[in-house]
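Structural overview
What follows is the residue order along each chain.
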Amino acid sequence: MSEDIRKTVRIVLINHRMEVLLVRYVNTEPLDPARPELLKYWVPPGGGIEAGESAERALERELREELTIEEFEIDRVIWTRQLDLMLNGKLRHIDETYYVGSYNGKAMLSVDALREGIVDVRWWGITKLRTTTEKMLPPGLPDLLAPILDRKLPPKPIEIE
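Report follows, based on the coordinates.

Conventions used here
Residues numbered from 1 in each chain as written. Predicted model: local features only at pLDDT ≥ 70, side-chain atom pairs only at ≥ 80, totals over all residues. Heavy atoms only, no water. 1 Å grid on protein atoms, 1.4 Å probe; cavity = no way out; pocket = protein on both sides within 12 Å on 5 of 7 lines; lining within 4 Å. Points joined across faces, edges and corners; volume = space filled by probe spheres on them. Helix = DSSP H or I, 4+ residues; strand = E, 2+ residues; numbered from the N terminus. Nonpolar A, V, L, I, M, F, W, Y, C, P; charged D, E, K, R; others polar.

1. A short note on the layout of surface pockets
Each pocket or cavity is described by its volume, and for the largest pocket that value is around 890 Å³. Considering the residues around the largest pocket, the lining is formed by 37 residues, among which Arg6, Tyr25, Leu31, Met86 and Leu87 are closest to the centre. Contributions of two or more residues to the lining of the largest pocket are made by strand S1 (5–14), strand S2 (20–26), strand S3 (40–43), strand S4 (46–48), helix H1 (55–67), strand S5 (73–87) and strand S6 (90–102). Ranked by residues supplied to the lining of the largest pocket, first place goes to S5 with five residues. Per-class residue counts for the lining of the largest pocket are 14 nonpolar, nine polar and 14 charged. Together, 14 residues line the second largest pocket, and Ile14, Val100, Gly101, Ser102 and Arg151 are the ones closest to its centre. By residue class, the composition of the lining of the second largest pocket is six nonpolar, five polar and three charged.

This is the structure we're talking about:
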């Protein structure tokens, strides 16, 4: 794997009320060179895949470390995404994979999450997602989530913006 490619994994966790769990980041410096104004946003939880680690193990580690979530169900990959982001002052190519899964418990931010710029965690219903003025990632997240929350999973992963 090239040094400037970072593999990441995120999960669309859905509860029994058909809400999705999102985390809110607040960055002090732009992460996305294409959108330097984007410093605050909500995104499904996840993070980088470490060397020798599977995507599923990375999800388990990230959710435990950042949100104190120990047990959740992982279903399958629903989306993939390629983008370039500034990480530690260096432009990196991100190869991102999104899973869908289920979880009905609470999530609390850990000290690790706060250190990484995560400042909030919240369950969101589709109506709230469609009407909020908050920035959501990936772009078009409410439209991407609508079929997922309707239990219409794509037969194979969809490449998203």
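2. Some points on unusual backbone geometry
The omega torsion across leucine 137 and proline 138 is 0°, close enough to zero to call that bond cis. Secondary-structure assignment places proline 138 in the loop between helix H3 (126–131) and helix H4 (141–149). Of note, the phi angle at threonine 68 is positive, near 55°, even though the residue is not glycine. Mapping threonine 68 onto the fold places it in the loop between H1 and S5.

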